[in-house]
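What follows is each chain in one-letter form.
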Amino acid sequence: MPETPEQREGTTDPRRRIPRTDLLLAHPQVERASKAMSERVVREIVRAAQARARTGAIDPEQVLDEILAAIGGRPAASLRPVLNATGVIVHTNLGRAPLSQAARRALQDAAGYTDVEFDLGTGARGRRGAGARAALLAACPEAEDALVVTNGAAALVLATTALAGTAEVLISRGELIEIGAGFRLPDLIASTGARIREVGTTNRTHLRDYTDALGPDTGCVLRIHTSNYRIVGFTSDVGVDELAGPCRTAGAPLVVDLGSGLLGPETRLPDEPDIAAALRDGADVVLASGDKLLGGPQAGILLGRADVIARLARHPLARAVRADKLALAALEATLTGPTPPVLESLRLDPDELRERTAQLAACLGGRLIEHEGRVGGGGGAEVPLPGWALALEAELADPLRTGEPAVVATVRDGACLLDLRCIPPADDGRLIAAVESARAALAAPASPDLSR
Ligand SMILES: *Cc1c(COP(=O)(O)O)cnc(C)c1O
């Protein structure tokens, strides 16, 4: 049969040999590889490969391989796991607390249908998050009741909205803090419609500053733990124990926002207030985050007097800040499981860290140096945690960050510092491999980007 003009052209113009979209989508290998992917995403990948063949970046014969590689290398979500080699334990940019194995299993179990609000015994509706509540009360017997919401900021909004409404919230001037990225707690409180009444001064607030301000307009009194800065020098503030009596007399609930989520005293952070102590001292409700030193998922935790918690739970806003089943599951498992990773990292023995870091140095070279870890966000932020790091070539920081697994290190004084404090010992081998490939990437001549 004589060739048609198209067929003739096809032999000369390689673009004619680019496989058609429908054939590629129906290709058995593509179908098999893309089972966990939406059709829209597979189409995008197919089109991108065809486009690269049209521009001549790849041969038409490579289109299928390119598609299979793109499907295979694509994670289900864009959030990538990171090895945190910074030594900063609660790193908000890196997802705060890494979950314990117990919490990870609980997440998996709760991912499908689950009895989050259903009583399997009776078939009736159950109390949402009853397991997390019970675990919180067991971990903190000083509390009469507990409520879990989406995060610490939501807990603060719920408490001030439900307890103060449009009345006054009394706060010391020394506690009007910004907690990060321009986010100010006083703005958050004001956004609820409550009126902030500042008492005292920046460095000194006395009991009489509160008692002078307490009155019929008071909705609640709020103490905020200024976890990210300290006032030193000529200072004074008022203990929760001193405030509790006057608040009770005035009928104004005493709310204490601790942020950090330490359930009890922590030897490594002697100055960090804990939830149990605040409740013993007379706080009516204590607020904390789930993903700071508590070591669990993002959540806002409210612990305190039964009548106050009931008031908060009844408020319509409680529905808008309700915790999801995954957070409830992970929180319960964090509380009932072994010591969570954040506390392991906090309590790490410096000698053990030195030993591990020396082993890393034996594999990779570099210098063993003293390096202080930090708690980071939400509690004892600036308390130095004595430890060690491996100092390597500064140029490694970029390829480490963009490599697989991604490693986030600190660059200081012309060196790339790897601190093992927040890296589980089981991942030391992966870290070594990551440094080796980062070095290989630096040594290799610049190669064309094959990822697109
Ligand atoms: C971190 C923090 C918050 C906010 O909690 P999120 O869980 O980040 O919403 C509020 N108050 C204090 C004192 C904090 O430290």
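Every residue gets a number counted from 1 within its own chain, in the order that chain's sequence is written. Given that the model is predicted, a residue must reach a pLDDT of at least 70 before its local features are reported, and side-chain atom pairs must reach 80 or more before they are shown or counted; all residues, however, enter totals for whole chains, interfaces and linings. Based on all heavy atoms of the structure, the side-chain values leave hydrogens and waters out of the count.

Q: For the site of the ligand, give the residues involved together with the corresponding values.
A: Near the ligand there are 13 residues, and of these Gly152, Ala153, Asp257, Ser289 and Lys292 occur at the shortest range. Whenever two N or O atoms come within 3.5 Å, that pair is a polar contact, provided that in protein one can donate a hydrogen and the other can accept it, and provided that, for residues adjacent in sequence, both atoms are side-chain atoms. Backbone polar atom of Ala153 to an oxygen atom of the ligand: 2.8 Å apart, as the coordinates give it. One nitrogen or oxygen atom from the side chain of Lys292 is found 2.8 Å from an oxygen atom belonging to the ligand. Considered on its own, the ligand offers 380 Å² of accessible surface; in the complex 92% of this is hidden by protein. Of the residues assigned to the shell around the ligand, the class counts are four nonpolar, six polar and three charged. Here, proximity means that at least one heavy atom of the residue falls within 4 Å of the molecule or strand. With residues, only the protein chains shown are counted as cover, and all accessible areas are computed by Shrake-Rupley using a 1.4 Å probe. Residue type decides the class: Asp, Glu, Lys and Arg count as charged, Ala, Val, Leu, Ile, Met, Phe, Trp, Tyr, Cys and Pro as nonpolar, and the leftover types, Gly among them, as polar.

Q: Now, about the pairing of strand β14 (residues 388-393): what can you tell me, with residues and values included?
A: A simple rule labels every residue: compare its accessible area, found with a 1.4 Å probe on the protein chains alone, to the largest value its type can have, and call it buried under 20%, exposed over 50%, or partly exposed in between. Only DSSP runs of H or I reaching four residues or more are called helices, and only runs of E reaching two or more are called strands; each is numbered from the N terminus. With five of six residues buried, β14 lies mostly within the body of the structure. Whether two strands pair depends on DSSP finding at least two bridges between them. The sheet contact formed by strand β12 (residues 367-370) and β14 spans four bridges and is antiparallel. Residue pairing in the sheet places Arg367 in a bridge with Ala391 of β14. One ladder, built from four bridges, connects β14 with strand β17 (residues 415-418); its direction is antiparallel.

Q: Describe the packing of aromatic side chains, naming the residues involved and giving the relevant values.
A: Any two of the Phe, Tyr and Trp rings considered here, Trp counted by its six-membered ring, make a pair once their centres fall within 6.5 Å; the pair's planes then place it as stacked at under 30 degrees, edge-to-face at over 60, or tilted in between. Under the definition given, this model contains zero aromatic pairs. Across the ring face of Trp388, the terminal group of Arg354 is positioned such that the distance to the ring centre comes to 4.6 Å. Here, a charge over a ring means that NZ of Lys or CZ of Arg falls within 6 Å of the ring centre while also lying within 35 degrees of the ring normal.

Q: Which residues make up the sheet that holds β12, and what values go with them?
A: Across the sheet, which stays open at both edges, the four strands sit in the order β12-β14-β17-β16 with antiparallel pairing between neighbours. With partners counted over all chains shown, the strands left at the sheet margins are β12 and β16 (410-412), one partner each. Here the average twist between neighbouring strands, direction ignored, is 40°. By definition in these notes, contact holds between two residues if any of their heavy atoms fall within 4.5 Å. Throughout, an axis means a line fitted to C-alpha atoms (over the contacting stretch in the case of helices), and angles, computed between N-to-C directions, take values from 0 to 180 degrees. Each of β12, β14 and β17 touches helix α17 (residues 350-364); the most contacted strand, β14, lies at about 20° to it.

Q: I'd love a proper account of the domain arrangement of the protein, names of residues and values included.
A: For the purposes of this description, domain bounds are those given by an automatic or database domain assignment. Taken as a whole, the protein is organised into domain 1 (5-73), domain 2 (82-91 + 343-443) and domain 3 (99-338). Averaged C-alpha coordinates put domain 1 and domain 2 at centres separated by 41 Å.

Q: Let's hear about α17: which residues, and what values?
A: Structural remark: α-helix, 3.6 residues per turn; residues separated by three or four positions point the same way. Residue count minus one, scaled by 1.5 Å, sets the expected span of a helix. For α17, spanning 15 residues, the distance from its first C-alpha to its last is 20 Å, which sits close to the expected 21 Å at 1.5 Å a residue. For α17, the full list of buried residues reads Leu353, Arg356, Thr357, Leu360, Ala361 and Leu364. Seen from one end, α17 has its buried residues packed into an arc of 145°, which puts them on one side. Seen from the open side of α17, the exposed residues pointing more than 90 degrees away from its buried face are Asp351 and Ala362. Of the surrounding elements, those touching the buried residues of α17 are β12, β14, β17 and α19 (428-443). Following α17 by one or two positions, Gly365 has its phi on the positive side, about 80°. Directions drawn from the helix axis to the C-beta atoms are what define this arc.

Q: Please set out unusual backbone geometry residue by residue, giving values where relevant.
A: Looking along the chain, the bond that leaves Glu404 and enters Pro405 is cis, with omega of 0°. When you line up the elements, Pro405 lands in the loop between α18 (397-402) and β15 (406-408). Located in the positive-phi region is Arg96, a residue other than glycine, with phi close to 55°. Within the secondary structure layout, Arg96 lies in the loop between β2 (88-90) and α6 (101-110). Among the residues examined, Arg96 registers a relative accessible area of 24% and is labelled partly exposed. Here Asp413, not a glycine, exhibits a phi torsion of approximately 50°, which is positive. As for its position among the elements, Asp413 is in the loop between β16 and β17.

Q: Describe the sheet that holds strand β8 (residues 218-224), and please don't skip the residues or the numbers.
A: On the basis of which strands lie adjacent, the open sheet formed by seven strands has the order β3-β11-β10-β9-β8-β4-β7 and mixed pairing. Edge positions in the open sheet fall to β3 (145-149) and β7 (195-199), since each of these has one partner strand only. Between one strand and the next, the sheet's axes are offset by a mean angle of 25°, whatever the strand orientation. Both strand β4 (residues 168-172) and β8 contribute to a ladder of three bridges, which runs parallel. Opposite Glu168, over in β8, you have Thr218 as the bridge partner. Contacting β3 and β11 (300-304), helix α7 (residues 130-139) runs over the sheet at an angle of about 125° to β3.

Q: Would you mind going over helix α4 (residues 39-54) in detail, with residue names and values included?
A: The end-to-end C-alpha distance of α4, which contains 16 residues, comes to 22 Å, matching closely the 22 Å that a straight helix rising 1.5 Å per residue would cover. If you check which residues of α4 are buried, you get Val41, Val42, Ile45, Val46, Ala49, Gln50, Arg52 and Ala53. In this fold, the buried residues of α4 make contact with α2 (21-26), α3 (28-33) and α5 (63-72). One or two positions beyond α4, positive phi appears at Gly56, with a value near 85°.

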